[in-house]
Amino acid sequence: MTMKPSHIRKAIFPIGGTGTRFLPLTLAMPKEMIPVVDTPLLHFCVLEAIEAGCEECIFVISDEYNQRNIIENYFSNNGVLERRLRAAGKSEQAEKWRAKLPTPDTLHFVEQKHPLGLGNAIWLSREIIGDESFAVLLPDELLFAKPGCLSSLVSAYRKQKNGFLVAMQQVEQEECHRYGILNVGDEKVADEPVELYGVIEKPAPGSAPSNFAIIGRYILPADVFKLLQPSEKVEEGKEDTPLTDALEVLIKSSVSSRAMLFNGERYDCGSKEGFLAAILARSKGAL
Ligand code: G1P
């Protein structure tokens, strides 16, 4: 198979977080499987990656509640309901949406034994990724656009060829402390990606360099793994090398570091308000 230059074949879904904001539900199931009416969050995100041309999905899981089984069952076509539908001659009901989902042989599971954060989740996937650029999607950011957010990033990255590219959106000033905030300097932000001058993770009120937030979609070069090596000792309750620190190093080196405005609908399902907005949108058929 010939690979297009900068074709992004692999996508990482870091889903090993503790999900404390959705307790008590997350005692029994990962928050990425919480349904937006009828469809789990993870389903939307995986479809976005497939639409963008990704062929392999890497789920970084904690496996505290048999996450692997839950996800494998979801993506396998041997579920009880599907078998019943088939037996009743109604298999088209199941096939209709199954056809778009990845097949079980394209799924990988990596266990993140300790909650050491996003950077560590990415680092743990290094052997499956190898030396190609790859995508990272955070499923609690539900993004809706046609084409999807990752598809637009992949198209832009084809021209950029190397370095990293992230999606961004403007958030309210008082929300900046919840995100990685980008310094876009004096660049005019429109449809094309802009050069980055810095990034700060969850800045304290009043210290954000802009209100452009990273919204959970990244195309990263394999070089980032060198910057995400685990530290000898991590303070109790802290995450290991944050991804944002590694991005800051790339920005300060000669690596091409860009961000692209996302123009579609965004539902930050890491918050209950965002989740509720997504549920309303879904119930009205907008998602
Ligand atoms: C993560 C990233 C942050 C990004 C955010 C998007 O934070 O660390 O840079 O802006 O996702 O939702 P988290 O929400 O996992 O704390």
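The rules behind the values
Residues numbered from 1 in each chain as written. Predicted model: local features only at pLDDT ≥ 70, side-chain atom pairs only at ≥ 80, totals over all residues. Heavy atoms only, no water. Buried < 20%, exposed > 50% of the residue type's maximum accessible area, 1.4 Å probe, protein only. Helix = DSSP H or I, 4+ residues; strand = E, 2+ residues; numbered from the N terminus. Pairing = 2+ DSSP bridges. Disulfide = S-S within 2.5 Å. Expected span 1.5 Å × (residues − 1). Contact = heavy atoms within 4.5 Å. Near = heavy atom within 4 Å. Polar contact = N/O pair within 3.5 Å; in protein donor to acceptor, adjacent residues only side chain to side chain. Nonpolar A, V, L, I, M, F, W, Y, C, P; charged D, E, K, R; others polar. Core = buried A, V, L, I, M, F, W, Y, C linked by side-chain atoms within 4.5 Å. Salt bridge = Lys/Arg side-chain N within 4 Å of Asp/Glu carboxyl O. Phe/Tyr/Trp six-rings, centres within 6.5 Å; stacked < 30°, edge-to-face > 60°. Lys NZ or Arg CZ within 6 Å of the ring centre and 35° of its normal.

**Q** I keep staring at the pairing of strand E8 (residues 164-170) and nothing clicks. Help me out?
**A** A regular strand places its side chains so that they alternate between the two faces of the sheet. Counting buried positions along E8 yields 6 of 7 residues, so the element is predominantly enclosed. Two elements, E8 and strand E12 (residues 212-220), share 5 bridges in a ladder whose sense is antiparallel. Within E12, the residue paired with Val 166 across the bridge is Tyr 218.

**Q** Help me out: how do you make sense of the state of the cysteines in this one?
**A** What makes a disulfide is a covalent bond joining the sulfur atoms belonging to two cysteines. Applying the stated rule across the entire model yields 0 disulfides. Left without a disulfide partner, Cys 269 is nearest to the cysteine sulfur of Cys 45, which lies 10 Å away.

**Q** Sorry if this is basic, but what is going on with helix H7 (residues 149-160) here?
**A** Side chains that are three or four residues apart share a direction in an α-helix, a result of its 3.6 residues per turn. Here H7 contains 12 residues, and its C-alpha end-to-end distance of 16 Å stays within 8% of the 16 Å for a straight helix at 1.5 Å per residue. Among the residues making up H7, those that are buried are Cys 149, Leu 150, Ser 151, Leu 153, Val 154, Ala 156, Tyr 157 and Gln 160. Those residues of H7 that are buried are in contact with helix H1 (41-51), strand E6 (134-137), strand E7 (141-144), E8, E12 and strand E13 (257-261). Downstream of H7 by one or two residues, Lys 161 has phi in the positive range, about 75°.

**Q** I tried to follow the pairing of E13 on my own but got confused; where do I start?
**A** As defined by bridge partners, E8 adjoins E13 across 5 bridges and the pair is classed as parallel. In the strand pairing of E13, Phe 164 is matched with Ser 257. In this structure, strand E10 (residues 194-195) lies alongside E13, joined through 2 bridges in antiparallel fashion. The residue of E13 that forms the bridge with Val 194 is Ala 259.

**Q** Teacher, can you tell me more about the site of the ligand here?
**A** Looking at the ligand, the residues that line it are Leu 138, Glu 141, Tyr 179, Gly 180, Glu 201, Lys 202, Ile 214, Gly 216 and Tyr 218. Note that an oxygen atom of the ligand is positioned 2.6 Å from one of the side-chain N or O atoms of Glu 141. Take Lys 202: an N or O atom from its side chain is 2.7 Å from an oxygen atom of the ligand. For the shell around the ligand, the element with the highest residue contribution is E12, accounting for 3 residues. A class-by-class count of the residues in the shell around the ligand yields 4 nonpolar, 2 polar and 3 charged.

**Q** I keep staring at the nonpolar core and nothing clicks. Help me out?
**A** Side chains of nonpolar character tend, in soluble globular proteins, to be buried together. By size, the foremost hydrophobic cluster in this structure holds 34 residues, and its most contacted members are Phe 13, Leu 42, Phe 59, Ile 71, Phe 75, Leu 137 and Leu 150. Considering each element in turn, this core owes the most residues, 6 residues, to H7. Leave out the neighbours within four places in its chain, and Phe 59 touches Phe 13, Ile 15, Leu 42, Val 46, Ile 71, Phe 75, Leu 107, His 108, Phe 109 and Val 110. Core analysis: the next-biggest nonpolar cluster, separate from the first, contains 33 residues, Val 166, Val 194, Ile 214 and Phe 225 among them.

**Q** Would you take a moment to explain the pattern of salt bridges for this structure?
**A** A side chain of one charge can pair with a side chain of the opposite charge when the charged atoms of the two come close. Using the criterion set out here, one finds 16 salt bridges in the structure. A salt bridge links Glu 56 to Arg 9, with the nearest nitrogen and oxygen atoms 3.8 Å apart. Of this pair, Glu 56 sits in strand E4 (residues 56-61) while Arg 9 is found in the segment before strand E1 (10-14), placing the two residues 47 residues apart along the sequence. The pair formed by Glu 56 and Arg 9 is uniform in burial state, with each residue classed as buried. Between Arg 217 and Glu 48 there is a salt bridge, with the nearest N and O atoms lying 2.9 Å from each other.

**Q** I keep staring at the environment of Gly 19 and nothing clicks. Help me out?
**A** Looking at where Gly 19 falls in the secondary structure, it is placed in the loop between E1 and strand E2 (35-36). Taking the C-alpha atoms as reference points, Gly 19 and Ala 145, separated by 126 residues in sequence, lie 26 Å from one another. If we ignore the near neighbours within four places in the chain, the residues touching Gly 19 are Thr 26 and Lys 31.

**Q** What exactly am I supposed to notice about unusual backbone geometry here?
**A** Residues other than glycine predominantly adopt negative phi, and peptide bonds predominantly adopt the trans conformation. The omega torsion of the bond from Leu 23 to Pro 24 falls at 5°, within 30 degrees of zero and hence cis. Of note, Pro 24 is situated in the loop between E1 and E2. A cis amide bond links Lys 146 with the next residue in sequence, Pro 147, at an omega value of -5°.

**Q** What is the right way to read the packing of aromatic side chains from this model?
**A** What describes a pair of aromatic rings is the distance from one ring centre to the other and the angle between the planes of the rings. For the coordinates displayed, the defined rule picks out 6 aromatic pairs. The rings of Phe 13, Phe 59, Tyr 74, Phe 75 and Phe 109 are connected pair by pair, giving a single aromatic cluster. Of note, Arg 126 hangs over the ring of Trp 123, and the distance from its end group to the ring centre comes to 3.5 Å.

So yeah, pure geometry; function would need other evidence.
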